[in-house]
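Each chain, written out:
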Amino acid sequence: MVYIGLRDLDPEETILVEKYKIKAYSMSDIQRLGIKQVLKETIDYLTIDGELMPLHVSVDIDSLDPWYAPSTGTPVLGGLSLPELMYIGNKIHETGKLSALDLVEVNPLLKNNDHDVEKTVFSASRAILSFFGYKTLGTKKDGHQVPLAKK
């Protein structure tokens, strides 16, 4: 098990992470290492004898910064950006090992206005789609895709 994007744990949660030696990356870790390195380390950690285990991914929408997902029960500043979460989704998709996905904590009743709900639902839908290969590549005004940078 790996947690990515921790930033506001209850004392009980901290005890469980330590007791069960759960690999965990805080937002400070992500800022220091970068999301690319965190995902590389996560995939390596979940690979046993050269084989990546099947992945059950549980996304808590409040792992995102409240700017992206304000309609949730525990909005805490300094969370993942939507592009970071979509990067995670894209990389998991590329492994071919996604066996289950859930996304929780979207709560349209917790809002300041309808725009909060729209932002949260948009972020949730893009996050889910990213685990199935959706990428935001950008488009030109005429509808053609922006060319990707040469490797």
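See the structure printed just above.
Residues numbered from 1 in each chain as written. Predicted model: local features only at pLDDT ≥ 70, side-chain atom pairs only at ≥ 80, totals over all residues. Heavy atoms only, no water.

Draft legend 1. Inspection of the pattern of salt bridges at higher detail. Enumeration according to the criterion identifies 6 salt bridges in this entry. Put simply, Lys97 and Glu51 hold a salt bridge, and the shortest N to O gap is 2.6 Å. Of this pair, Lys97 sits in the loop between α4 (82–95) and β6 (98–104) while Glu51 sits in strand β4 (residues 51–52); the two residues are 46 residues apart in sequence, bridging distant segments of the chain. Residues Lys111 and Asp114 are paired through a salt bridge, measuring 3.0 Å at the closest nitrogen-oxygen approach. Residue class for Lys111 comes out partly exposed when judged on its relative accessible area of 41%. One network of salt bridges, with partners in common, ties together Lys91, Glu94 and Lys135. (Salt bridge = Lys/Arg side-chain N within 4 Å of Asp/Glu carboxyl O. Helix = DSSP H or I, 4+ residues; strand = E, 2+ residues; numbered from the N terminus. Buried < 20%, exposed > 50% of the residue type's maximum accessible area, 1.4 Å probe, protein only.)

Draft legend 2. View of the packing of aromatic side chains. Enumeration over the complete set of coordinates arrives at 1 aromatic pair. Seen in terms of ring centroids, Trp67 and Tyr68 are 5.1 Å apart; in terms of plane orientation they differ by 80 degrees. Their pairing is edge-to-face. Residue Tyr68 is classed as partly exposed on the basis of its relative accessible area of 22%. Above the plane of the ring of Tyr45 lies Lys23, whose end atom (NZ or CZ) is 5.3 Å from the centre. For Lys119, the ring lying beneath its charged end belongs to Trp67, and the centroid distance is 4.0 Å. (Phe/Tyr/Trp six-rings, centres within 6.5 Å; stacked < 30°, edge-to-face > 60°. Lys NZ or Arg CZ within 6 Å of the ring centre and 35° of its normal.)

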